[in-house]
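Inside the fold
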Amino acid sequence: MSTAIGLGALAGALDARLARKLPAQRINFGRAGNLLFPVMVIALSLSRSFHLTLGILVVGGLGFMTQNATANTLVQTTVPDALRGRVMSVYMMVFLGFFPIGSLIAGAVAERFGVPVGAAFGGIIALAYSLYLAWRLPEIRALR
C-alpha cells in the first residue's frame, strides 16, 4: 500500500517539476491538488476494494505532493528575500508541528467511531477548508 502512495507522490513531484516552466499552470495544479487530496481521503474511507484502494492512494499521493509543492513555492516566491529564511522556518514549524496534533485528533475520532469514519471526517474538514479558501481568498485565484 505504501508503494501506491509513493507512486502518487512521485507523479506529483514530477508533475510539479514539469509545471516549473509554466507558473500559472503550477498554481492551477496546486489548486487541483488542494481539492483532489481531501476527495481521495473521503474516497479511501468509502473503499472496500483492495485494487480500488491502491488507485485511490496513487491519486491521493499525487494530490498531496502537488498541493504541498505549490504551497512551498508560493511561500518562497511571495516573501521578500530578507525575510525568506525566517518565514520558511515558521512555515515548516507550523506545517510539521500540526501533524502530531492532527494525528492525535484523528486517532481519537478513529478509536471512538472507527477508522473509515475518522478518515472521512478528516477528508470532509480538509475539503470544506479548501473550498472556503477558494471562495474567501480571490487573490489566490488571481495568482499567475
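Everything below is about the structure printed above this text.
Heads up: these notes are all about the structure in this document. Everything quoted here is computed from the prediction, not taken from an experiment.

Calculation notes
- Residues numbered from 1 in each chain as written.
- Predicted model: local features only at pLDDT ≥ 70, side-chain atom pairs only at ≥ 80, totals over all residues.
- Heavy atoms only, no water.
- Helix = DSSP H or I, 4+ residues; strand = E, 2+ residues; numbered from the N terminus.
- Buried < 20%, exposed > 50% of the residue type's maximum accessible area, 1.4 Å probe, protein only.
- Contact = heavy atoms within 4.5 Å.
- Patch = residues over 30% accessible without salt bridge, like charges linked within 9 Å, V, L, I, M, F, W, Y side chains within 5 Å.
- Areas by Shrake-Rupley, 256 points an atom, 1.4 Å probe, with all protein chains shown as cover.
- Salt bridge = Lys/Arg side-chain N within 4 Å of Asp/Glu carboxyl O.
- Axes fitted to C-alpha atoms, helices over the stretch in contact; angles between N-to-C directions.
- Parallel < 35°, antiparallel > 145°, perpendicular 65-115°, else oblique.
- Nonpolar A, V, L, I, M, F, W, Y, C, P; charged D, E, K, R; others polar.

A word on the overall build of the protein chain
Each helix and strand in the protein chain was counted, giving six helices and zero strands. Going from N to C terminus, the protein chain has its helices and strands arranged as α-α-α-α-α-α. Counting over 144 residues, the protein chain shows a buried share of 24%. Across the protein chain, the fraction of contacts at a sequence separation of at least 24, relative to all contacts at a separation of at least 6, is 70%.

Topic: a nonpolar patch on the surface
A grouping of Val-90, Met-93, Val-94, Phe-98, Ile-101, Ile-105, Phe-121 and Ile-125 is seen on the molecular surface, where their side chains present a nonpolar patch of about 770 Å² in accessible area. Contributing elements (two or more residues each) for the nonpolar patch: helix H4 (84-113) and helix H5 (115-136). For Ile-105, the position within the fold is in helix H4.

What to know about the packing of helix H3 (residues 50-78) against H4
Packing of H3 against H4 leaves a shortest axis separation of 10 Å and a crossing angle of 150 degrees. Taken together, the axis directions place H3 and H4 in an arrangement best described as roughly antiparallel. Contacts between H3 and H4 involve Phe-64, Asn-68, Ala-71, Asn-72, Val-75 and Gln-76 from the former and Arg-84, Val-87, Met-88, Tyr-91, Phe-95 and Phe-99 from the latter. Counted by class, the contact of H3 with H4 contains eight nonpolar, three polar and one charged residues.

By themselves, these figures tell us nothing about what the structure is for.
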